[in-house]
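One letter stands for each residue in the lines below.
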Amino acid sequence: MADSGPNSQRIKVIVIGAGLGGCACAIALKHHGHDVIVYEKLRQFRRLGDSLGYGENALKLLERWGGPGLYKTLTSIGNQAPDMQIRRWHDGKILAQQPLMDMAGYIGHRGDYHEALLQAVRDAGIEIVMGREVVAFDEDKPSVTFADGTEELADLIVGADGIKSIARELVLGFADAPKSSGYSCYRAYFPGAFLKEDPLCREFVDHDCVNIWIGEDTHLVQNTLRNGDEFNWIVTRKLSAEKDMEIKESWFQEGNMDDVRALIRTLDPRIAAAVDKTPSCLDWKICYRDPLPYWVSRSHKIALLGDSCHPHLPTSAQGASQAAESAAVLSVCLKLAGKGNVPLATRCYEKLRFDRVRLSQTNGEDVRDRWHNALKEVDDGVEIDPDSVKIRNRWLYAYDAEANTMERWEEMSKKVAEELRTGEITPLCDVKPNKVERAAA
Ligand SMILES: Cc1cc2nc3c(=O)[nH]c(=O)nc-3n(C[C@H](O)[C@H](O)[C@H](O)COP(=O)(O)OP(=O)(O)OC[C@H]3O[C@@H](n4cnc5c(N)ncnc54)[C@H](O)[C@@H]3O)c2cc1C
């Protein structure tokens, strides 16, 4: 679809943030014939986070934009197990088994995926300027101002600046705060080779595998990477009302391993043995953000993408994949609208994306609730219907975000053109975000 047709005049786009969302956006924009530059506030990236899923809905787009080499790299990063098992908390009995491709897709290390996408951005000839923090916007020009006071103009600015986005503040007109989801994770990721020596847990380390133990108001996800050389576990549990008050949105807060050991006292001893030997972990309160009424500024020239406008719970396994879908829809809308019609493109983008993203977000809540309730009031001898605890992500994967945008463009662009003419932009939802005073944000 690149560089042909009546609307082929190149659109200049500034992408703020070189995370997985910003990288996918840059590659998609370039593929569709736009000019793009990425500004990233960090001076360099480290291999941060742990496991993350990439579904076929995203991989097929990334392959289209970055070629079969990128697809091969991304899929080889992922866990190679064909199936995953969902097990009973206290004894590990298998309650259900399903193909990994119907569940999270390829589960790999976030840092490895990130490195592959950063390379793909560079291979596409797109500049990523590191150590360049955006501190302010002029939404009408539109332009960004950097920490050193310099300014840069573009036709469109994309805020792919993550969960603590400043672009979101501009779009909303105020700062919004995270809410507690009522749940929290302890998570650990470490070289797992030494666990291969332990006869109790060896079976979960000596080859690529993914297992989930479900209990009452709690679950543990375990997966290996690099054929067992790296090991990841995440225990999610319901917070007490008192703990619930301490909302801190951070990927870096140290967890207390003694608290974890207390939590797994009743867990299947095989996986408990692996958790017990873990050197350290992170304590991650799972924050929830209300859906936003708009993803685009009043001037229609600053658009949000990825975690800045649609963060996902970990159980959805779709955060990075949905960011890639958003990149696809925005790029195609710009292509179809043309350089003189950026507002039409951005307003179509938010409307085309919102409903599907909400479904993907709430899917993650649904599976957590089914797992946490499945064993309540069920005796050991009673069989659980396997389908009742399976992850229901399969419907997400067949979707082609670009084809869907082209199919719906005519109808949507007519509707949006009318809204732009009257100046009455319909909000995406009527939820009021959790407004806070700036000083407390
Ligand atoms: C440290 C970290 C660890 C994570 N670990 C996991 C994990 O283990 N599992 C999982 O499922 N998900 C994880 N995630 C979330 C996952 O990466 C995202 O859901 C997904 O990649 C989409 O993210 P994004 O690109 O929209 O935002 P992010 O990945 O947060 O990227 C935003 C980027 O914007 C940059 N930025 C922010 N503000 C500015 C500014 N003002 N100027 C310039 N640049 C700016 C940031 O430095 C960052 O590089 C993690 C995220 C982070 C940040």
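This is a predicted model, so every value here is computed, not measured.

Let's talk about the site of the ligand
- Around the ligand sit 29 residues in total, of which G21, E40, D50, R110 and D307 are the nearest.
- Measuring from a nitrogen atom of the ligand, one finds a backbone N or O atom of K41 at 3.0 Å.
- Where the shell around the ligand is concerned, the elements lending two or more residues are α1 (20-31) and β3 (51-54).
- Ranked by residues supplied to the shell around the ligand, first place goes to α1 with three residues.
- Split into classes, the residues belonging to the shell around the ligand amount to 12 nonpolar, eight polar and nine charged.
- Taken together, domain 1 (12-81 + 103-177 + 291-440) and domain 2 (179-288) each give at least three residues to the shell around the ligand, which thus spans both.

Side note on the environment of L117
- Inspection of the secondary structure assignment puts L117 in helix α5 (residues 110-123).
- Here the alpha-carbon distance between L117 and A18, two residues 99 residues apart in the chain, equals 9.3 Å.
- Setting aside residues up to four positions removed in sequence, L117 forms contacts with L20, C23, A24, I27, Y54, L62, L70 and L74.

Thoughts on the packing of aromatic side chains
- For the structure on display, the rule yields seven aromatic pairs.
- Clustering of aromatic rings is evident, with ring pairs tying together F190, F194 and F231.
- The lysine or arginine in question, R132, covers the ring of F146, its NZ or CZ lying 4.0 Å from the ring centre.
- Taking NZ or CZ as reference, R356 lies 3.6 Å from the ring centre of Y399, over its face.

A closer look at the confidence of the model for the chain
- Looking at the chain as a whole, its pLDDT mean stands at 91, while 95% of the residues score no less than 70.
- Across residues 1-6, confidence stays below pLDDT 50; counting only partners more than four residues off in sequence or on other chains, it has 13 contacts.

Regarding the packing of α1 against helix α10 (residues 319-337)
- At their nearest, the axes of α1 and α10 sit 8 Å apart, and the two run at 30° to each other. Put simply, α1 runs roughly parallel to α10. As α1 runs across α10, the sense of the crossing is right-handed. Packed against α1, whose contacting residues are L20, G21, A24, C25, A28 and L29, the element α10 presents A320, A323, A324, A327, S331 and L334 at the interface.
- Of the residues belonging to the contact of α1 with α10, the class tally is 10 nonpolar, two polar and no charged.

Observations concerning unusual backbone geometry
- Residues K141 and P142 are joined by a peptide bond in cis, for which omega reads -15°.
- Relative to the assigned elements, P142 resides in the loop between β8 (134-138) and β9 (143-146).
- The phi angle at R226 is positive, at roughly 50°, despite the residue not being glycine.
- Position of R226 relative to the elements: it lies in the loop between β15 (218-225) and β16 (230-238).
- Overall, the relative accessible area of 47% leaves R226 in the partly exposed class.
- Its identity is not glycine, yet H300 carries a phi of approximately 70°, on the positive side.
- Structurally, H300 can be placed in the loop between β17 (282-288) and β18 (302-304).

Description of the sheet that holds β9
- Pairing is antiparallel across the open sheet formed by three strands, whose spatial order is β8-β9-β10. Only two strands of the sheet have a single neighbouring strand rather than two, namely β8 and β10 (151-153). Along the sheet, successive strands turn relative to each other by an average axial angle of 25°, direction set aside.
- Examined bridge by bridge, β8 and β9 share four bridges and lie antiparallel to one another. For F137, the partnering residue across the bridge sits in β9 and is V144.

Section: the sheet that holds β16
- Strand order in the open sheet formed by seven strands is β5-β4-β14-β15-β16-β13-β17, with mixed pairing between adjacent strands. Lying at the two open borders of the sheet, with one neighbouring strand each, are β5 (94-99) and β17. Here the average twist between neighbouring strands, direction ignored, is 20°.
- With five bridges joining them, strand β4 (residues 83-88) and strand β14 (residues 210-215) adopt parallel strand pairing. Within β14, the position partnered with Q85 by the bridge is N211.
- Where helix α11 (residues 342-374) meets the sheet, its contacts fall on β4, β13 (179-191), β14, β15, β16 and β17, and the angle it forms with β14 comes to roughly 60°.

Brief notes about the pattern of salt bridges
- Considering all chains together, one arrives at 35 salt bridges under this definition.
- Across the pair R261 and D258 runs a salt bridge whose closest N-O atoms are separated by 3.3 Å. With R261 and D258 both in helix α8 (residues 257-263), this residue pair falls three residues apart, about one helical turn.
- With relative accessibility at 52%, the residue D258 sits in the exposed group.
- Here D276 makes a salt bridge to R261, at a shortest N to O gap of 2.8 Å. You can see D276 sitting in helix α9 (residues 269-276) and its partner R261 sitting in helix α8, a full 15 residues away along the chain.
- Since its relative accessible area comes to 40%, D276 is described here as partly exposed.
- Look at the salt bridges and you will find they share partners, linking R47, D112, R226 and E230 into a network.

A look at the side chain of S184
- Following the sequence through the fold, S184 ends up in strand β13.
- For S184, the side chain forms a polar contact with the side chain of D283, separated by 3.4 Å.
- Setting aside chain neighbours within four positions, we find S184 in contact with V235, T236, R237, L239, D283, W284, K285 and I286.

The rules behind each value
Residues numbered from 1 in each chain as written. Predicted model: local features only at pLDDT ≥ 70, side-chain atom pairs only at ≥ 80, totals over all residues. Heavy atoms only, no water. Near = heavy atom within 4 Å. Polar contact = N/O pair within 3.5 Å; in protein donor to acceptor, adjacent residues only side chain to side chain. Helix = DSSP H or I, 4+ residues; strand = E, 2+ residues; numbered from the N terminus. Nonpolar A, V, L, I, M, F, W, Y, C, P; charged D, E, K, R; others polar. Domains from an automatic or database assignment. Contact = heavy atoms within 4.5 Å. Phe/Tyr/Trp six-rings, centres within 6.5 Å; stacked < 30°, edge-to-face > 60°. Lys NZ or Arg CZ within 6 Å of the ring centre and 35° of its normal. pLDDT = per-residue confidence, 0-100. Axes fitted to C-alpha atoms, helices over the stretch in contact; angles between N-to-C directions. Parallel < 35°, antiparallel > 145°, perpendicular 65-115°, else oblique. Left-handed = near helix turned anticlockwise from the far one by under 90°. Buried < 20%, exposed > 50% of the residue type's maximum accessible area, 1.4 Å probe, protein only. Pairing = 2+ DSSP bridges. Salt bridge = Lys/Arg side-chain N within 4 Å of Asp/Glu carboxyl O.

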